[in-house]
Amino acid sequence: MTEPALSARLAGTFSRTFAGTRLAALATAFADSAAAAAIARRHGDAAQWQQVLEDLPAVSASSCSANTGIVEAGSADDLPAAERERLRELLLTLSPWRKGPFRLFGIDIETEWRSDWKWDRLAGAIAPLHERLVLDVGCGSGYHCFRMQAAGARAVLGVDPYPLFHQQFLAVQKYLQLPGVLHLPMALEDLPAPVRVFDTVFSMGVLYHHRSPFEHLRQLQQWLRPGGELVLETLVIDGDADCTLVPEDRYARMRNVWFIPSCAAAEKWLRRSGFENIRIVDVNTTSTTEQRSTEWMPFESLAAALDPADANLTVEGYPAPKRAVILANAR
């Protein structure tokens, strides 16, 4: 599909998803930016993934739910056994599945992350999402977007630059059919000129992947209305306000980790970036039951990133992954 054709299609989808909201006026700007990003990042497996989506069974789910830990559509009785097995095979070709869990017609997609645990740690602390416009940056397959919509958000926009995650979202949404949720294959940096339009912005598992964490926080602030809430979930280390870990090379086998602040340092970064009313609502050491290899994500996961002689350290000798949820309001 050409960039203008893709932009036109996305503009229509954006307009329908966000009709009657402050976002509706931004349909063309978002569609143009998303189309340019999608064309620039077109993956070699894109045609294969598209065929998978086209081959998914055309069946309506008898029930749908995103209110509990497993985002679920349909039951095993909705599909004959042979067709359900074919669906399972098709979904497996969209591996690795990182964020979830999902259940489609009785098929459990056991993702690398138990993202429901993260949601449970923050859901009771954030401002209620009822009738809010929400942006989820780095949303992966959109698991948390579905949870946000089910929590009452008026509309949710999820963005993630990895094309496979967009295909996973489309596969789940084909059956879930939740209104007011849109996933665009783009990074925060790909978005059009910021407008202070969102009530809540989530950035979970993203900050430490940026060479310039201050620029990331500044961009998040510029999309929030004054008083809007940022939900920041990030790796942290122990230490005072001047303590930040800069890995020499890899951290927990990840190449793209640049800065890991202490909680106090993260608070300082947020104040410098235009936020106030900063509060830390959870600090949790990641376990190998929360992040693990599965059939749906068969590659190395957290267990392979920890020192086999001391699980308190990564294989590089750094403190093992610890994560904090930090809330703040935009000035």
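What counts as what
Residues numbered from 1 in each chain as written. Predicted model: local features only at pLDDT ≥ 70, side-chain atom pairs only at ≥ 80, totals over all residues. Heavy atoms only, no water. Helix = DSSP H or I, 4+ residues; strand = E, 2+ residues; numbered from the N terminus. Rg over C-alpha atoms; globule rule 2.2 N^0.38 Å. Buried < 20%, exposed > 50% of the residue type's maximum accessible area, 1.4 Å probe, protein only. Contact = heavy atoms within 4.5 Å. Lys, Arg positive; Asp, Glu negative; His and termini not counted. Charge placed at Lys NZ, Arg CZ, Asp CG, Glu CD. Pairing = 2+ DSSP bridges. Phe/Tyr/Trp six-rings, centres within 6.5 Å; stacked < 30°, edge-to-face > 60°. Lys NZ or Arg CZ within 6 Å of the ring centre and 35° of its normal. Right-handed = clockwise from strand over helix to strand, strands pointing away. Salt bridge = Lys/Arg side-chain N within 4 Å of Asp/Glu carboxyl O. Axes fitted to C-alpha atoms, helices over the stretch in contact; angles between N-to-C directions.

(A) The arrangement of the overall build of the protein in detail. For the protein, the count of helices and strands is 10 helices and 17 strands. Here the C-alpha atoms of the protein give a radius of gyration of 20 Å, agreeing with the 20 Å that 2.2 N^0.38 yields for 331 residues. Its C-alpha atoms give the protein principal-axis dimensions of about 55 × 50 × 35 Å. Looking at the protein residue by residue over its 331 residues, the buried ones come to 53%. Sequence-distant contacts, at least 24 apart, represent 73% of the contacts inside the protein between residues at least 6 apart. Computed over 33 positive and 39 negative side-chain charges, the inter-centroid distance for the protein is 5 Å.

(B) Here's a closer look at the sheet that holds strand S4 (residues 102-104). The strand order across the open sheet formed by four strands is S1-S2-S4-S5, and the pairing between neighbours is mixed. Two strands close off the open sheet at either side, each with one partner strand: strand S1 (64-65) and strand S5 (107-109).

(C) Spotlight on the packing of aromatic side chains. The full count for this structure, using the stated rule, is 14 aromatic pairs. Residues Phe 14 and Phe 18 carry aromatic rings whose centres are separated by 4.7 Å and whose planes lie at 55° to one another, so their mutual orientation is tilted. In this pair, the class of Phe 14 matches that of Phe 18, namely buried. Between Trp 97 and Phe 102, the ring centres sit 6.0 Å apart and the planes meet at 65°, which makes this aromatic pair edge-to-face. Overall, the relative accessible area of 0% leaves Phe 102 in the buried class. A cation sits over an aromatic face here: Lys 118 above Trp 113, 5.2 Å from the ring centre.

(D) Summary view of the pairing of strand S9 (residues 181-184). Burial of S9 is two-sided: the residues Val 181 and His 183 facing one way and the residues Leu 182 and Leu 184 facing the other way are all buried. Note on the crossover from strand S8 (residues 155-159) through helix H7 (residues 163-176) to S9: the handedness is right-handed.

(E) Looking closely at the pairing of strand S16 (residues 310-314). When strand S15 (residues 306-307) meets S16, the two strands line up antiparallel, connected through two bridges. Paired with Asp 307 across the two strands is Asp 310, which belongs to S16. The turn linking S15 back onto S16 is made up of two residues.

(F) Local environment of the pattern of salt bridges. Across all of its chains, the model carries 18 salt bridges by this definition. Among the ionic pairs, Asp 282 bridges to Arg 121, the shortest N-O distance being 3.5 Å. On the criterion of sequence distance, the pair formed by Asp 282 in strand S14 (residues 275-285) and Arg 121 in helix H5 (residues 115-122) is long-range, its members being 161 residues apart. Residue Arg 253 is joined to Glu 300 by a salt bridge in which the shortest nitrogen-to-oxygen separation is 3.8 Å. With Arg 253 in the loop between strand S12 (244-245) and strand S13 (260-261) and Glu 300 in the loop between S14 and helix H10 (302-305), the pair connects residues that are 47 residues apart, well separated along the chain. A relative accessible area of 54% means that Glu 300 is categorised as exposed.

(G) Local environment of unusual backbone geometry. With an omega of 10°, the peptide bond between Ser 95 and Pro 96 qualifies as cis. With respect to the helices and strands, the residue Pro 96 is situated in the loop between helix H4 (81-92) and strand S3 (99-100). Its identity as a non-glycine residue notwithstanding, Glu 131 has a phi of 65°, on the positive side. Among the structural elements, Glu 131 can be located in the loop between H5 and strand S7 (133-137).

(H) Just the sheet that holds strand S11 (residues 224-236), in detail. Spatial strand order, S9-S8-S7-S10-S11-S17-S14: seven strands in an open sheet with mixed pairing. Each edge of the open sheet is held by one strand with a lone partner, namely S9 and S14. Ignoring which end each strand starts from, the neighbouring axes of this sheet average 15° apart. Looking at chain direction, S7 and S8 are connected through five bridges and run parallel. The residue of S8 that forms the bridge with Val 134 is Val 156. The strands touched by helix H8 (residues 213-223) within the sheet are S7, strand S10 (198-204), S11, S14 and strand S17 (322-330), with S11 carrying the most contacts at an inclination of about 150°.

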